[in-house]
Amino acid sequence: MASVDRVGYREQRGLLRYRTADRHDAALPLVQLVPESAGQRCLLWIDGRGKRSLFSDAGQPQPSVERLLQEQVTVVGVDLLHQGEFLARGVEQLDRVRWLTGEQAFAGWTYCYNMPLAAQRANDVMAVGIWLRRSGREVDLLGWHGAGPWVIAAAGQQPETFRSVAADTGG
């Protein structure tokens, strides 16, 4: 991981490589914000906008992230499949799930033979959570701005991985 010391914390960026549930190799871009006096607590921050949601437009940690860092909580953000670094330059978000050209009318290709995007993202969340847990940390999980369902699905599949879970269900 590339590492840069900031005022009060260290910013580490890199890729988490793992094998997906459907046996493909995956690499997830992630960022860890590690306070100078980091404890064992870690918050896995899952957002519909990806890891960039940890930062303001000026590149500083959001106020809520700053408070967590002051409380010695490591904050980890990640770009799940089709978020952030997975998108073409200038594209903010994926408008729809993938499909095969000429097969848009047949949902079986997407929902029968392949994992739907929501399941792939839940799998990504589980992979990051397991990696953090194996490093000896207590992992709390947060999902918002559209990420609540992925977080709930991941926590339901791996309840022993996460100490606590908070998810915005959108009502």
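Presented here is a report on the structure given in the accompanying data block. None of these values were measured; they are calculated from a predicted model.

Quick look at the sheet that holds strand β5 (residues 74-78)
- If you walk across this open sheet you meet the 7 strands as β1-β2-β3-β5-β4-β6-β7, and the pairing is mixed. This sheet does not close on itself; its edge strands, each paired only once, are β1 (2-6) and β7 (164-167). Strand-to-strand, the axes of this sheet are offset by a mean angle of 20°, without reference to chain direction.
- Bridging between β1 and strand β2 (residues 9-19) involves 5 bridges; their strand directions are antiparallel. Note on β2: the bridge partner recorded for S3 is Q12.

Description of the environment of V73
- Structurally, the position occupied by V73 is in the loop between α1 (63-70) and β5.
- Classification of V73 by relative accessible area gives buried; the value is 2%.
- Separated by 66 residues in sequence, V73 and V139 have C-alpha atoms that sit 10.0 Å apart.
- Excluding its chain neighbours within four sequence positions, the residues that come into contact with V73 are L33, P35, R41, C42, L43 and L68.

Re the nonpolar core
- Counting 24 residues, the largest nonpolar core has L44, I46, V78, V125, V128 and L141 as its most contacted members.
- Counting only elements with at least two residues in this core, the list comes to β2, β3 (25-35), β4 (41-47), β5, α3 (117-134), β6 (138-144) and α4 (148-157).
- Looking at this core, the element that brings in the most residues is α3, giving 5 residues.
- Sequence-distant contacts of V78, that is, excluding residues within four places in its chain, are made with L28, P29, L30, L44, W45, I46, G50, K51, Q83 and V128.
- If you look at the next biggest cluster of nonpolar residues, it comprises 13 residues, including V31, L54, V65 and V75.

Some remarks on α4
- Among the residues of α4, those classed as buried are G148, W150, V151, A154 and A155. Projection of α4 onto a plane perpendicular to its axis shows the buried side chains occupying an angular sector of 160°, all on one side. Among the exposed residues of α4, those oriented more than 90 degrees off its buried face are G156 and Q157.
- Of the surrounding secondary structure, the elements contacted by the buried residues of α4 are β4, α3, β6 and β7.

So, how was this worked out
- Residues numbered from 1 in each chain as written.
- Predicted model: local features only at pLDDT ≥ 70, side-chain atom pairs only at ≥ 80, totals over all residues.
- Heavy atoms only, no water.
- Pairing = 2+ DSSP bridges.
- Helix = DSSP H or I, 4+ residues; strand = E, 2+ residues; numbered from the N terminus.
- Axes fitted to C-alpha atoms, helices over the stretch in contact; angles between N-to-C directions.
- Buried < 20%, exposed > 50% of the residue type's maximum accessible area, 1.4 Å probe, protein only.
- Contact = heavy atoms within 4.5 Å.
- Core = buried A, V, L, I, M, F, W, Y, C linked by side-chain atoms within 4.5 Å.
- Arc of directions from axis to C-beta.

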